[in-house]
Amino acid sequence: MSIEMVDTVIVGGGLSGLYAASLLALKNESFVVLEARDRLGGRILSPEFQGFFSDLGPSWYWPDIHPRMARLIQELGLKGYRQFEEGRGRFQNPGGTVQTVRGYATEPLSWRLVGGMIALISELCAGLPEKAVRLHHPVCNIEKKDAGALVSVGQLEEEPEAQFEAKKVILALPPRLTASTILFNPELPADLTQAMLKIGTWMAGQAKFYVLYEEPFWHRAGLSGQAFSQRGPMAELHDGSNQNRAPYGLTGFVGIPAVQRGNQDLLIEAILEQLTQIYGAPAAQPAKIFYKDWACEPFTATRLDQPPMYEHPLYSPPAHQTSFWNETIHFAGTETASQHGGYLEGALSAAERAVG
Ligand SMILES: Cc1cc2nc3c(=O)[nH]c(=O)nc-3n(C[C@H](O)[C@H](O)[C@H](O)COP(=O)(O)OP(=O)(O)OC[C@H]3O[C@@H](n4cnc5c(N)ncnc54)[C@H](O)[C@@H]3O)c2cc1C
C-alpha cells in the first residue's frame, strides 16, 4: 500500500473539519479530510422529507452573538429564518395534566437555516477540491515522524487500509473521542490524555425527535409549539416548521438519560402518545417521524458521555494545549474552543485557530 503525502490531514468531516478545510483551500495547501462515517456533518444531520430538512442535531444559530456563523451563512449564500414562537405554550406536570401557559420569545433570537443545518456542510464541501474528502476513513493510529506524522486509517490492531503522511494534522473531533479511539505513537503524556477524556462532548448523550405533519394544527389553536413536560418522555418541545410551508414540524429532546431510554419503537410510541396529550388527536397522525439517539453513535459518543450533562461546560483546549508534538498536531472541534465551545460557533472558531 502506498502512502499518500499531503501538507495537512484533517481528522473529522464535521463543521469544524470542513471549515478548516475551506480555510486551507484558500491558502492553496494540499490536504485531505478523513471522515469515519459514510456521510459528512458529524453532529449535523438533517434528513429530507418532502423538500423539508429536519435537524436531528443542531437547529439554531444566534446571529446576534455568533458572528462567525452569521458571516459564513452569508458568504455561502444561505438564508436563515426566525424560530417560530408566536402564541402560547403548553406545560405538562408529572401527573400528565396539560395546561396552556404564556409563550415567550428566546433572547437572543434563535434562527434556523433554510435547507436545514446540513446546507452549511453541503455548501462548504462544494467549495473543496475533488478527492479532498474521504468517507469511510476512520483514523485509528497517528505516529510521530521526523517532519510530521503518519496517519493510519482502519481498525486498531489490523493492517491499515490507507496511510497519509502530513506535515500537520488537525484533530477536528471531540477530544474525549480522540483519547478513547485513536492510538498515538509515542504515547501522549498522561496529563494530556486525562484532560482530553474529561472534556464532555456537548449533546452527545442526547436523543432528539422530529415529527412532521401536513397541517400546523397547533398554530391554528394559538399555540407556538413550545412545550415543557415534567412527565416525559419528551422534556422540551419547539416548533420546527419553516414559516408557512408544509410539512410542519414539532421537535425536541427526550428527557430520559441514555442508559434508560430502551427500545426505540416503544419510545417513539410514547412520544406520539405524549404529543397527543399535549396537542390533541391530530398529533397522532404524523406524516413522518425522525428520531436520533446520539448516545448510540460511536463516532460521536463514548461510554463516558452516557450520563446527562446538566450544565453547559466552560470549554477550552485540553490542558490549555492547542497543539502537541512541536506543533505538528493541532486541536480543532467545538469542544476545544475557548469561546462558544459546544456550539456551531465554537466549531468555526476552533478551526480558525487550528489553521491559523
Ligand atoms: C442534538 C443536538 C443538538 C444541538 N443543537 C445545537 C444548536 O441548536 N446550536 C448549536 O450551535 N449547536 C448545537 N449542537 C452542537 C453542534 O452540533 C456542535 O457544536 C457541532 O456540530 C460540532 O462540530 P464539530 O465539527 O466540532 O464536531 P462533530 O460534528 O462531532 O464532528 C466530528 C467528526 O469527526 C468524525 N470522526 C469521529 N471519529 C473519527 C475518526 N476516528 N476518524 C475520522 N473521523 C472521525 C465524526 O464522524 C464527525 O463527522 C447540538 C448538538 C446535538 C447533538
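In this text, all values refer to a predicted model and were calculated from it rather than measured experimentally. (Residues numbered from 1 in each chain as written. Predicted model: local features only at pLDDT ≥ 70, side-chain atom pairs only at ≥ 80, totals over all residues.)

Asker: Whenever I open this one, the packing of helix H1 (residues 15-26) against helix H3 (residues 118-126) confuses me. Can you help?
Answerer: The geometry of a pair of packed helices is captured by two quantities: the angle between their axes and the separation between those axes. Taken N-terminus to C-terminus, the directions of H1 and H3 make an angle of 30°; their axes are 9 Å apart at the nearest point. On the basis of the axis angle, H1 is roughly parallel to H3. Seen along the crossing, H1 lies across H3 with a hand that is left-handed. Two secondary-structure elements touch here, H1 through Leu15, Leu18, Tyr19 and Ser22 and H3 through Leu120, Ile121, Leu124 and Cys125. Class assignment for the residues of the contact of H1 with H3 results in seven nonpolar, one polar and no charged. (Axes fitted to C-alpha atoms, helices over the stretch in contact; angles between N-to-C directions. Helix = DSSP H or I, 4+ residues; strand = E, 2+ residues; numbered from the N terminus. Parallel < 35°, antiparallel > 145°, perpendicular 65-115°, else oblique. Left-handed = near helix turned anticlockwise from the far one by under 90°. Contact = placed C-beta atoms within 7 Å. Nonpolar A, V, L, I, M, F, W, Y, C, P; charged D, E, K, R; others polar.)

Asker: I tried to follow the domain arrangement of the chain on my own but got confused; where do I start?
Answerer: For an interface, size is often stated in terms of accessible area lost upon the parts coming together. Domain boundaries assigned for the chain yield domain 1 (3-43 + 121-200 + 311-355) and domain 2 (48-113 + 205-296). Listed as interface residues are eight residues of domain 1 and, on the opposing side, nine residues of domain 2. For the side of domain 1 that touches domain 2, the element with the highest residue contribution is helix H8 (residues 344-355), accounting for four residues. Its residues placed into classes, the side of domain 1 that touches domain 2 shows three nonpolar, two polar and three charged. (Domains from an automatic or database assignment.)

Asker: Is there a simple way to explain the site of the ligand in this structure?
Answerer: Of all residues adjacent to the ligand, which total 41 residues, the nearest are Gly12, Gly14, Gly42, Pro58 and Met203. Put simply, the parts of the chain that give the shell around the ligand at least two residues each are H1, helix H4 (175-181) and H8. In terms of residue class, the shell around the ligand is built from 22 nonpolar, 15 polar and four charged. Residue assignment places the shell around the ligand across two domains, with domain 1 (3-43 + 121-200 + 311-355) and domain 2 (48-113 + 205-296) each supplying three or more. (Near = placed C-beta within 6 Å.)

Asker: Before we go on, may I ask you to explain the pairing of strand S15 (residues 223-229) in this structure?
Answerer: Where a strand is regular, its side chains alternate between the two sheet faces. Most of S15 is tucked away: six of the seven residues are buried. Inspection of the sheet shows S15 paired to strand S16 (residues 234-239) by two bridges, in the antiparallel sense. Within the sheet, the bridge partner assigned to Ala227 lies in S16 and is Leu237. Linkage of S15 to S16, two consecutive antiparallel strands, is achieved through a turn of four residues, within which Gly232 is found at a positive phi near 85°. (Buried ≥ 20, exposed ≤ 12 C-beta atoms within 10 Å, placed from the backbone. Pairing = 2+ DSSP bridges.)

Asker: Is there a simple way to explain the sheet that holds strand S7 (residues 98-101) in this structure?
Answerer: In a beta sheet, neighbouring strands pair by backbone hydrogen bonds and run either parallel or antiparallel. A sheet is described by the order of its strands in space; here seven strands give the open sequence S7-S6-S15-S16-S17-S14-S18, paired in mixed fashion. With partners counted over all chains shown, the strands left at the sheet margins are S7 and strand S18 (288-293), one partner each. Shown here is a sheet whose adjacent strand axes are inclined to one another by a mean of 20°, direction ignored. The pairing of strand S14 (residues 207-213) with strand S17 (residues 248-254) spans six bridges and is antiparallel. The residue bridging Tyr213 from the neighbouring strand is Tyr248, located in S17.

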